[in-house]
Amino acid sequence: MTSAIIREITGRGIPLPGDDIDTDRIIPGRFLRCVTFEGLEAHVFADDRQQNPDHPFNQEKYLGASLLIVGRNFGCGSSREHAPQALMRWGIRGIIGESFAEIFFANCTAIGVPCVTVSAEDARWLREVVAAHPEMELRLNLEAMTVHAGDRQLAAHMPEGARRQFLEGTWNSTFVLLEAGEAIERTAAQLPYVTGF
Amino acid sequence: MAETLLDKVWRLHTVRELPSGQTQLFIGLHLIHEVTSPQAFLMLRELGLKVRFPNRTFATIDHIVPTDSQARPFADWLAEQMTVALVKNCQDFGITLFDLGSGRQGIVHVIGPELGLTQPGMTIACGDSHTSTHGAFGALAFGIGTSQVRDVLATQCLAMSKPKLRRIVVEGTLPRGVYAKDVILAIIRRLGVKGGVGYAYEYAGSTIVAMTMEERMTLCNMTIEGGARIGYVNPDRTTFEYLRGRPFAPQGEAFERAVQWWQQIASDPGATYDDEVHFDAATLQPMVTWGITPGQSVGVTEPIPEPEEVPEAERAAYWEALDFMSFRPGQRLIGTPIDVAFIGSCTNSRLSDLRVAAEIVRGRKVARGVRALVVPGSEAVARAAEAEGLHEIFQDAGFEWRKPGCSMCLGMNPDRLRGREICASSSNRNFKGRQGSPTGRTLLMSPAMVAAAAIAGHVVDVREVLR
Ligand code: SF4
């Protein structure tokens, strides 16, 4: 389980309107009754899709899209990794938005799905342009930190630590953390509550 | 140099700086439950790894347990399967499990503190966003996802970036009928649901210092609703006295040495913060949410804002919320009929919450047509409440007295809203579909307000009831 280097994601986009989309909406609680993540993609946005036949995830023209375009504070709420897992298993490889909730961002990073932010204006423009041209190929480049859409190039942002995890292929952190070896036990041994005061 | 609790605890738990620029942070206490751990154990098995510090992880079962009959096997086969997986994983990897009927089971954020597992100066992680609750003890406690649960199991560490720190100062005496729940709802309303992204919150000021540990837990619990992953209160006498004698707290002389260390962990006077905000307790009133995020709230006597009072950028979300809830701009929530009253969740299911609610329902009856339930946060809470006769007060009034679990906070078990029901709820999230019905509607409020609404059959100002 070494992780792959992720420099660039290309593919079609799927725009998702709205701000503060919480993880209960991405994958409602009743679908968390499971012991693996398998098959979660079938339930992504289950309730929203049922209530809104025009929901982007119901529209055939977006099938096969790999870049999700969102608004502000995407993924707030519960820490359930089921949310990014459902999106990833549906086919999402990267997410572009105005801002992300912190635990969601960390969960996406841990499974190799980069989340980058663009300005509010660019996020809006991107959603409009993808809705009008669902066939358009987008390119998210983590080296240059840009999003290419048609003949436009947008500036993208991501905390440097996470960015390097993708560029160095260390986003799956288990092995990186294991490399610390005995330093872990040494740190523990200095904590009074570990040694029993 | 003067340091904050965040600085000190972060420094003491730093194993090393990672090539990515993040910190490899040692995790002092790891709590797990049945929903977010099975996949982590699966990954561990696939990698052929062991649990590095099995005695620093503790498990319980809370999210999917039924709260009426807890006889096994559960009627819900999926819930049963998750339970079996948790029991097996704990056995195979040598982890202590506080199982149903052990006397120690309960909502993970209720039992950690009550068993004395949660202590000042620790780093605490759990695959659950409300891990921020444990910050009430002066710990750095935060929610993680399943891959990070795997990391903690395998290495007892996480790769983390140190957050900035905002000090939230609340001064003054809370008016009668205004509780810790109202304080945190008011904070979230002012700072916004994403105001805390990138920050940890340090709660300070005379109001916080005067709070009991249970009130501080309610406050820290909903930190994540304000976007901050970590929220804490500096440890003090109240903290130490709460911990004294708890099963997993240091005992005897070790306890006195622990107190010494815990005192040193608190933020130093003169430490600097990235930001500071102030609240005046005297101006707060009981809060109620009217929307679909915990930031969409008003004081109970205030009207829902008019569209022009809402910042342009939030207006779409404002209309979406009103549409979902079937409320109007300018409407007041007092008088809004409710279908369900839920007292429970890791925010407000502790003994003090049940006492406050019981005081309000004593000798009264739940309004006709209202389904009302009390779900204690843990087996210990249930025991203590029953010893005081609280269950009888609730039952006499027409409440159902249930077994401990998360229950209708997220509706993963059979306790769910039906259709478009409106629920007065002491929980923490009013997201669309949160309480188990895709179209169900949640009004977040304090347990006292829920109790008062259950009796009246509609939203009331609890201050009127207390008068
Ligand atoms: S009570 Fe609700 S918020 Fe708390 S842990 Fe359970 S499901 Fe999560």
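Below: a short report on this structure. Treat the numbers as computed from the prediction; the structure is a model and nothing was measured.

1. What about unusual backbone geometry?
All names here are of chain B.
Working step 1: Cis peptide bonds are those with omega within 30 degrees of zero, and the linkage from R72 to P73 qualifies with -10 degrees.
Working step 2: Counting through the fold element by element, P73 comes out in the loop between β4 (57-60) and α3 (77-93).
Working step 3: Its identity as a non-glycine residue notwithstanding, S407 has a phi of 55 degrees, on the positive side.

2. Some points on the interface of chain A and chain B
Working step 1: On the side of chain B, 79 residues touch chain A, which itself brings 60 residues to the contact.
Working step 2: Across the chain A/chain B interface, buried area totals approximately 5,600 Å², and carbon plus sulfur atoms make up 59% of it.
Working step 3: Ionic pairing is found between E185 of chain A and R52 of chain B, a salt bridge with its closest N-O pair at 2.8 Å.
Working step 4: Where chain A touches chain B, the interface holds 25 residue pairs in polar contact (both at pLDDT 80 or more).
Working step 5: Elements that contribute at least two residues to the side of chain A that touches chain B include exactly α1 (23-26), α2 (46-51), α4 (102-110), α6 (160-168), α7 (174-178), α8 (183-189) and α9 (192-195) of chain A.
Working step 6: For the side of chain A that touches chain B, the residue count by class is 23 nonpolar, 18 polar and 19 charged.

3. Considering the pattern of salt bridges
Between side chains of opposite charge, a pair can form when the charged atoms approach closely.
Working step 1: Evaluation of the coordinates by the stated rule reveals 36 salt bridges over all chains.
Working step 2: The partner of D19 of chain A in a salt bridge is R72 of chain A, with the nearest N and O atoms 2.9 Å apart. One end of the pair, D19 of chain A, is in the loop between β1 (8-15) and α1; the other, R72 of chain A, is in the loop between β2 (67-69) and α3 (82-90), with 53 residues separating them in the sequence.
Working step 3: Accessibility expressed as a relative area gives 14% for D19 of chain A, which makes it buried.
Working step 4: A salt bridge links R72 of chain B to E80 of chain B; its shortest N-O distance comes to 2.9 Å.
Working step 5: Take R72 of chain B: its relative accessible area is 37%, and that puts it in the partly exposed class.
Working step 6: According to the relative accessible area criterion, E80 of chain B is buried, its value standing at 12%.
Working step 7: One network of salt bridges, in which partners are shared, links R25 and D48 of chain A together with E320 and K432 of chain B.

4. Some points on the site of the ligand
Residue and element names in this part refer to chain B.
Working step 1: Surveying the vicinity of the ligand reveals the residues H63, I107, H109, D128, H130, S345, C346, C406, C409, L410, N428 and R434.
Working step 2: Along the lines of polarity and charge, the residues of the shell around the ligand split into 5 nonpolar, 5 polar and 2 charged.
Working step 3: Summarising the domain contributions, the shell around the ligand has at least three residues from each of domain 1 (5-160) and domain 3 (287-466).

5. Regarding the sheet that holds β1 of chain A
Residues and elements named next belong to chain A.
Working step 1: Judged by pairing direction, the sheet is mixed, and its 7 strands sit side by side in the order β4-β3-β2-β1-β5-β6-β7 without closing on themselves. A single partner strand is all that each edge strand has here, and the edge strands are β4 (115-117) and β7 (152-155). Going from strand to strand, the sheet's axes swing by 30 degrees on average, the running direction of each strand aside.
Working step 2: Of the pairings in the sheet, the one linking β2 to strand β3 (residues 94-97) comprises 3 bridges and is parallel in character. By the bridge assignment, L67 is partnered in β3 with G94.

The rules behind these values
Residues numbered from 1 in each chain as written. Chains lettered and ligands numbered in written order. Predicted model: local features only at pLDDT ≥ 70, side-chain atom pairs only at ≥ 80, totals over all residues. Heavy atoms only, no water. Helix = DSSP H or I, 4+ residues; strand = E, 2+ residues; numbered from the N terminus. Contact = heavy atoms within 4.5 Å. Buried area = accessible area lost by both parts, 1.4 Å probe. Salt bridge = Lys/Arg side-chain N within 4 Å of Asp/Glu carboxyl O. Polar contact = N/O pair within 3.5 Å; in protein donor to acceptor, adjacent residues only side chain to side chain. Nonpolar A, V, L, I, M, F, W, Y, C, P; charged D, E, K, R; others polar. Buried < 20%, exposed > 50% of the residue type's maximum accessible area, 1.4 Å probe, protein only. Near = heavy atom within 4 Å. Domains from an automatic or database assignment. Pairing = 2+ DSSP bridges. Axes fitted to C-alpha atoms, helices over the stretch in contact; angles between N-to-C directions.

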